[in-house]
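Descriptive structure summary
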Amino acid sequence: MEKLLFEIGTEEIPANHMSSLLAQLQGLAEKKMNELRIPYGEIKVLGTPRRMTFIATEVAEAQADSVVEAKGPSAAIAFKNGEPTKAAMGFARGQGVDPKDLEIRDNYVYAVKHLAGQPVMDLLPGLLDDILKSLTFPNNMRWADHEFKFIRPIRWLVALFGDKVIPVEVNGVKSGKYSRGHRFLRRSAKEAFEAAKSHVEKSTSFFDGLKDIVSGAVSHAKGVAMSAIEETYNVIEIPCADDYEKVLDYNFVMVDHVARKELIRQQVLDLAVEEGGHAEIKEDLLEEVNFLVEWPTALCGNFEDKYLALPKECVITPMREHQRYFPVLNADGTLMNKFITIRNGGKEFLETVAHGNERVLRARLADAEFFFKEDRKAPLEARLEKLKTVSFQEGLGNMNDKSNRLVKEAEMLAFETGVKVDEANLKRAALLCKCDLVTGMVVEFTELQGYMGCEYAKLDGEATEVAQGIWEHYLPRFAGDVLPKSHIGRLVGVTDKLDNIAATFSRGLAPTGSQDPYALRRQALGVINIIIDGGYHFSLYKVIGAMLYMLNVPAEKCGKLIPQIMEFIKLRLKNMLIDQGVRYDVVDAVLSEVRNDDIADLYARAVALNAFVATEEAPALIQAATRVANLCKKIETETAINTNLFQNPVENALHEAVVASSNEVMLATVKYDYAKVLAEAVKLVAAINNFFEDVMVMDKDENVKNNRLALLAAVKDITHGVGDLSCIVM
């Protein structure tokens, strides 16, 4: 057993791509090794801004043996009187086996070949080349005159099976044992010399590969020349795959990105405590910073107290989004005039580095202060006129038009949901929610949209509910983001997102494939999550129709667009439910009722049914309900149940059970208590089974038959009261 190491060394890769690239690398390594039947223990990926690496442990020396079978002609055709026919001999010859070795199974002949596994070392060059060239990227680069493209130019490759080099080459870069340490950090001169001397003694091939750099120093001393190369390129030797992480760590490269991330987190937290506060760490920022450095060291900087007079996010946003700094807060959550950043290097000259970071941040905060003061010269409402200069969508007016439309739509949605809310505050929030888009602060720092509207509304003396609604209507901004908590924020947020969806569909720009330039999928998920979180029950079909009407979409076009938008939103609901662990057949059972356009109701049904199908009572109810549904398909005309036509006591028993459950089911449905509805349906199972055992539904007497079908229709209303149980696979 040996360890397999493959390191792809590049110029710095954009930090936001690294996590997905490493996941892709791991998936490819596992897939390709399994396809080649190479036994291994586990695969681990490692990464820094300049390298992507995978290490496979316990890799076998030989490929796993395999058995290949090929099915041939029938035995009757292949053999006559126990002797192989021409058909058998031709098949055997084509498969490379002796006719006498053919096996007969299931009245057919089979050629079975036992193939011995090849030495793994012979397979690895092709494997690593395949993995390297199978990686895909959002953007590719070409360099020099090479045709092969990669996310960034490849500068070195390390490919080792134990201590043996695996030959791989791309764009003139050949694999070897030599990686790169930190760009700037070095060990002491003595340590560097000893390391260089060791390189020369162990490998003249590496020295020869760099002869154009060191040729002038050959006559002086190989050790001195190699030391110079180390100083310029920090080339380091990886003696064997087992030594990879240890050698890189010695050369100031912490290659384990998971451990590096946790080290950064701890350094930031500890340093903030030393400074008398606590750090606010966002995971996306931590992830990005992690892939900007190879040897992290936290340091603290300061900024002038005067900037603390600005709204908190006006300081944090330039700090976090533009400079990748971590803010430091007091115990009460107020901002301190300190920040923590991560240096890609050691602890030397930290004061100088901090001073440079402070100068950069000072300029950004000065801009923020200027824009804030300029924006405060006019109230938020005064910017409604300027919204006329901002286009909403082509052919659909400007943002001022949208703001006025949102007022009417929010009022309509509040009426449909029955939510009790201050109507004046709701309309005010809807009117002002887009005004901050034309403020200097948001134009400069777009991440502050909504937040600045909230802050300016407060300073203008608007009601707290109005200010909060302005901020919350943008939520959620991304997957996993917080949801609005106020009714005004929810109503304006749903209205805004549905208005965007309806407007974009009306222009024929519905998302297709992976193309979603207006982020409608994200907005539809936002609508669904807000509705469910708020427990809002309303007709989505009706609301979408009203919004298309307010967009001046012709009635005949609305008839086509509404079902398309409904299907689009329901598909998002379906995907969300499956992601949350709801069974696919449960989702199909609930969404099969196309007339149900109440998102909160559909969600409640799916959750209840998903819990029910895992219970012991589920199989019996599903079996009984499916039989009922199948017979109900034969109903041609609806008739009322006539108890005088009952001929068997089991008919009366089933009818009495249905009557007893109906009232309970109705009350539970009104309360959206679908666990109760299913519990009532379970009570009917015994009566349903007795009915089917003793009664022939399709009686010769037409009146009796129709009466029994009418009884089953009433049963179906209860058994399928949550969803179409015939969709459930048990």
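The shown structure was predicted, so the numbers you read here are calculated from the model rather than taken from an experiment.

**Some remarks on the packing of helix H22 (residues 555-579) against helix H23 (residues 584-591)**
It is at 9 Å that the axes of H22 and H23 come closest, and there the two elements cross at 150 degrees. Judged by the inter-axis angle, H22 sits roughly antiparallel to H23. The handedness of the crossing between H22 and H23 is right-handed. Residues Lys570, Leu573, Lys574, Leu577 and Ile578 of H22 form the contact with H23, whose own contacting residues are Tyr584, Val587, Asp588 and Leu591. Here the contact of H22 with H23 is built from residues that sort into 6 nonpolar, no polar and 3 charged.

**Re the confidence of the model for the protein**
Mean pLDDT over the protein stands at 91; residues scoring 70 or higher make up 94%. Here helix H7 (residues 211-214) stands out as the least confident element of the protein, with mean pLDDT 45; helix H15 (residues 423-432) is the most confident, with 98. Below pLDDT 50 for its whole length, residues 203-207 participates in 8 contacts with residues either more than four positions away or in separate chains. Contacts for the low-pLDDT stretch residues 209-232, under 50 throughout, to residues beyond four places or in other chains number 29 contacts.

**Concerning the pairing of strand S18 (residues 335-344)**
Buried residues dominate S18, accounting for 8 of its 10 residues. Of the strand pairs in this sheet, strand S16 (residues 296-302) and S18 are connected by 7 bridges, and their pairing is antiparallel. Directly across from threonine 297, in S18, lies its bridge partner arginine 343. Across 3 bridges, the pairing between strand S17 (residues 326-329) and S18 is antiparallel. Considered in S18, the bridge of leucine 329 is made with leucine 335. The hairpin turn running from S17 into S18, its antiparallel successor, is 5 residues long, and glycine 333 in that turn takes a positive phi close to 90 degrees.

**Points about the sheet that holds S18**
Ordered by their spatial adjacency, 4 strands build an open sheet running S15-S17-S18-S16, and the pairing between neighbours is antiparallel. With partners counted over all chains shown, the strands left at the sheet margins are strand S15 (278-279) and S16, one partner each.

**Section: the sheet that holds strand S7 (residues 103-105)**
The 3 strands are arranged S4-S8-S7 in an open sheet whose pairing can be described as antiparallel. Every interior strand has two partners, whereas the edge strands, strand S4 (66-74) and S7, have only one. When strand polarity is set aside, the average angle formed by the axes of neighbouring strands in this sheet is 35 degrees. Relative to strand S8 (residues 108-115), S4 runs antiparallel, the two being bridged by 7 bridges. Across the sheet, lysine 71 pairs through a bridge with tyrosine 110, a residue of S8.

**Some points on the packing of aromatic side chains**
Enumeration according to the criterion identifies 10 aromatic pairs in this entry. Look at phenylalanine 370 and phenylalanine 371: their rings are 5.5 Å apart centre to centre, the planes differ by 70 degrees, and that puts the pair in the edge-to-face class. Among the residues examined, phenylalanine 370 registers a relative accessible area of 48% and is labelled partly exposed. Ring-pair connections join several aromatic residues into one group, and the members of that group are Phe137, Phe148 and Phe150.

**Some thoughts on the pairing of strand S1 (residues 2-10)**
Successive residues of a regular strand alternate their side chains across the two faces of the sheet. Burial of S1 is extensive: 7 of the 9 residues sit out of reach of the surface. When S1 meets strand S3 (residues 51-59), the two strands line up antiparallel, connected through 7 bridges. Its bridge partner lying in S3, glycine 9 is registered against arginine 51. Both S1 and strand S9 (residues 154-161) contribute to a ladder of 7 bridges, which runs antiparallel. Its bridge partner being in S9, phenylalanine 6 is matched across the sheet by alanine 159.

**Here we look at the packing of helix H20 (residues 520-534) against helix H24 (residues 599-612)**
Contact pair H20 / H24: the axes reach a minimum separation of 9 Å and the direction vectors enclose 75 degrees. Overall, the two elements H20 and H24 adopt an arrangement that is roughly perpendicular. Within the contact between the two elements, H20 uses Ile528, Ile531 and Ile532 and H24 uses Ile599, Ala600 and Tyr603. Of the residues belonging to the contact of H20 with H24, the class tally is 6 nonpolar, no polar and no charged.

What counts and how
- Residues numbered from 1 in each chain as written.
- Predicted model: local features only at pLDDT ≥ 70, side-chain atom pairs only at ≥ 80, totals over all residues.
- Heavy atoms only, no water.
- Axes fitted to C-alpha atoms, helices over the stretch in contact; angles between N-to-C directions.
- Helix = DSSP H or I, 4+ residues; strand = E, 2+ residues; numbered from the N terminus.
- Parallel < 35°, antiparallel > 145°, perpendicular 65-115°, else oblique.
- Left-handed = near helix turned anticlockwise from the far one by under 90°.
- Contact = heavy atoms within 4.5 Å.
- Nonpolar A, V, L, I, M, F, W, Y, C, P; charged D, E, K, R; others polar.
- pLDDT = per-residue confidence, 0-100.
- Buried < 20%, exposed > 50% of the residue type's maximum accessible area, 1.4 Å probe, protein only.
- Pairing = 2+ DSSP bridges.
- Phe/Tyr/Trp six-rings, centres within 6.5 Å; stacked < 30°, edge-to-face > 60°.

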